[in-house]
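# Architecture and fold: a report
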Amino acid sequence: MSLYGLLKSKGDNGFGHNSTAEEVTEGLGLEGKRILITGCNSGLGLETARVLSMRGATILGAARTTDKAKAALAGIEGAVHLKCELSDPESVRRCVEAVREHGELDAIIANAGIMALPEPVREHGVELQLLTNHFGHFQLVTGLLDRLSETGRVVMVSSSAHKGAPKEGIRFDDLAYKSGYTPWKAYGQSKLANILFTRSLAKRFEGTGRVAIAIHPGVIATNLSRHMGAVVRMVFGAVGPLFLKTVEQGAATQCYAAVHPNAAAHNGEYLADCNPAPSTAVAKDDELAERLWKVSEGLLTEMRAAA
């Protein structure tokens, strides 16, 4: 329990910075619910899978390899183990087909991601963080919308790092990030894309019982930080007790968004600490969000044609 969390007040729903995934799901019965989680093999994804399974949900867990998913979820009864390499459109397509065999979904938690690659990596003409964090999840989620229940939810795990995105928001004229690459701006762009996708999806859900929510899990020292320098990791270790969340706390907001009854009121919103949180003006730009949706559809069509 961090000092910062002790000083920060809770939201109207009684949850806040120090709330854990178990606390925000306490008393909920999720028997009969099917929930797909990407990045299930470690960190927040694994904790989310553990807690939601404990509440009765059937977990469909996706990782970069089936073996990783299987090893991570070995203690979760009835879990379905899936391979989904989000940077590979063919792998995502096969994952969509595999998920479709298991019937209706009650939630999709787009948790997987990569962060702050020190040097630019490009595949399919796109910088790898944007390809993995946004385009891969866009393909996965849109491919499963007809399998989402009438009250189903899509939770996009974004980050407060979206505030560090390029000033134009999304670099549509340079998706490969051939110029001006910095690790955090590229990561921020991918996390901004998560929020913009959520907004467009939420508009498509209007008038239905479905919900799309973007969340910031908080700052947690997980495997996602493996590309950070040794100095940054050392600082994390030193200040962790004061400011950082535990994995149990970090998983709380995505669990809340995915299954808590009160979260149904937050379609299209951005949450942190299980409550609505401020985002940037560009993150609320619906025209930009629609442009990203169209570009995403077009790029995936091109990738399929080139395969």
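Residue indices begin from 1 for each chain and proceed along its sequence in written order. Under the rules for a predicted model, residues below a pLDDT of 70 receive no local features and side-chain atom pairs below 80 are neither given nor counted, while totals for whole chains, interfaces and linings still include all residues. Side-chain numbers come from the whole structure's heavy atoms, not from hydrogens or water.

Our focus in this paragraph is the nonpolar core. Remark: nonpolar core denotes a set of buried residues (Ala, Val, Leu, Ile, Met, Phe, Trp, Tyr, Cys) joined through side-chain atoms within 4.5 Å. Classification of residues uses two cut-offs on accessible area relative to the type maximum, computed with a 1.4 Å probe and protein chains only: under 20% is buried, over 50% is exposed, and between them is partly exposed. Counting residues in hydrophobic clusters, the biggest one holds 56 residues, and the most contacted among them are Leu36 and Leu201. The way it works is that DSSP assigns letters per residue, a run of H or I at least four long becomes a helix, a run of E at least two long becomes a strand, and they are numbered from the N terminus. Per-element accounting of this core gives the leading share, nine residues, to helix α7 (residues 183–205). In this view, Leu36 contacts Leu60, Leu82, Val99, Leu105, Ala107, Ile108, Ile109, Leu140 and Leu144; residues no more than four positions away in its chain are not counted. In what follows, a contact means two residues having at least one pair of non-hydrogen atoms within 4.5 Å.

All right, on to unusual backbone geometry then. Even without a glycine there, the phi angle at His124 is positive, about 55 degrees. Topologically, His124 is positioned in the loop between β5 (122–123) and β6 (126–127). The class of His124 is partly exposed, set by a relative accessible area of 46%. The residue Tyr177 is not glycine, and still its phi comes out positive at about 55 degrees. As for its position among the elements, Tyr177 is in the loop between β7 (148–157) and α7.

In this section: the pairing of strand β8 (residues 211–216). The side chains of a regular strand alternate between the sheet's two faces. Summarising burial for β8: six of the six residues are buried, a large majority. A pair of strands is labelled paired if DSSP reports no fewer than 2 bridges between them. Sheet analysis places β8 next to strand β9 (residues 270–272), joined by three bridges and oriented parallel. Opposite Ile215, over in β9, you have Leu271 as the bridge partner.

Take the pairing of strand β2 (residues 58–63) next. Across the six residues that make up β2, a large majority, five, are buried. Across five bridges, strand β1 (residues 34–38) lies against β2 in parallel orientation. Within β2, the residue paired with Thr38 across the bridge is Ala62. You can see the chain leave β1, run along helix α3 (residues 43–54) and come back into β2, and the turn it takes is right-handed. The handedness of a crossover follows from its direction of travel: if, with the strands pointing away from the viewer, the path from the first strand over the helix to the second runs clockwise, the crossover is right-handed.

Spatial strand order, β3-β2-β1-β4-β7-β8-β9-β10: eight strands in an open sheet with mixed pairing. Strand pairing shows two members of the sheet lacking a second neighbour, β3 (80–83) and β10 (275–276), which therefore form its edges.

One less than the number of residues in a helix, times 1.5 Å, gives the span that helix is expected to have. Taking 1.5 Å of rise per residue, the 12 residues of α3 would be expected to cover 16 Å, and the 17 Å separating its terminal C-alpha atoms lies within 8% of that figure. Buried within α3 we find Leu44, Gly45, Glu47, Thr48, Ala49, Val51, Leu52 and Ser53. In this structure, the buried side of α3 is in contact with α2 (21–24), β1, β2, β4 (105–110), α9 (247–250) and α10 (252–259). With its phi angle positive at about 115 degrees, Gly56 sits one or two positions after the end of α3.

Structurally, the position occupied by Glu77 is in the loop between α4 (66–72) and β3. Distance in space between the C-alpha atoms of Glu77 and Ala252 is 21 Å, their sequence separation being 175 residues.

Attention now moves to α7. Its 23 residues give α7 an end-to-end C-alpha distance of 33 Å, which sits within 8% of 33 Å, the value for a rise of 1.5 Å per residue. Of all 23 residues making up α7, 17 are buried, and the element is well covered by its neighbours. Of the residues flanking the end of α7, it is Gly207, one or two places downstream, whose phi is positive at about 85 degrees.

Moving on, we get to the packing of aromatic side chains. Pairing of aromatic side chains here covers Phe, Tyr and the six-membered ring of Trp, requires ring centres within 6.5 Å, and sorts the geometry by plane angle: under 30 degrees stacked, over 60 edge-to-face, intermediate tilted. What the rule picks out here adds up to six aromatic pairs. Between the aromatic rings of Phe197 and Trp293, the centroid separation amounts to 5.5 Å while the plane-to-plane angle is 50 degrees, which identifies the pairing as tilted. Remark: Trp293 occurs in helix α11 (residues 286–306) and Phe197 occurs in helix α7; sequence separation between them is 96 residues. For the pair shown, Phe197 and Trp293 are each scored as buried. One aromatic cluster is present, formed by Phe138, Phe197 and Trp293 through successive ring pairs. Lysine NZ or arginine CZ positioned within 6 Å of the ring centre and within 35 degrees of the ring normal marks a charge as sitting over the ring. One residue, Arg171, lies across the ring of Tyr177, its end atom 4.0 Å from the ring centre. The ring of Trp293 has Arg204 sitting right over it, with the charged end atom 3.7 Å from the ring centre.

A few words on the pattern of salt bridges. Criterion for a salt bridge: a side-chain nitrogen of Lys or Arg within 4 Å of a carboxyl oxygen of Asp or Glu. Overall, the coordinates contain 15 salt bridges when judged by the stated rule. Here the salt bridges do not stand alone but share partners, grouping Glu90, Arg93, Arg94 and Glu97 into one network.

Moving on, we get to the packing of helix α5 (residues 89–100) against helix α6 (residues 128–142). Axis geometry follows a simple rule: fit a line to the C-alpha atoms, using only the stretch in contact for helices, then measure angles between N-to-C directions, giving values from 0 to 180 degrees. Two elements in contact, α5 and α6, have axes separated by 9 Å at closest approach and are oriented at 25 degrees. Here α6 runs roughly parallel to α5, going by the angle between their axes. Our pair here, α5 against α6, has a crossing hand that is right-handed. Here Pro89, Val92, Arg93, Cys95 and Val96 of α5 come into contact with α6, specifically with Gly136, Gln139 and Leu140. Following the grouping adopted for this structure description, the nonpolar residues are Ala, Val, Leu, Ile, Met, Phe, Trp, Tyr, Cys and Pro, the charged ones are Asp, Glu, Lys and Arg, and the polar ones are all others, Gly among them. The residue inventory of the contact of α5 with α6, partitioned by class, reads five nonpolar, two polar and one charged. Angles below 35 degrees are treated as roughly parallel, those above 145 as roughly antiparallel, those between 65 and 115 as roughly perpendicular, and all remaining angles as oblique. It is the rotation of the near helix from the far one that decides the hand of a crossing: anticlockwise by less than a right angle makes it left-handed, clockwise makes it right-handed.

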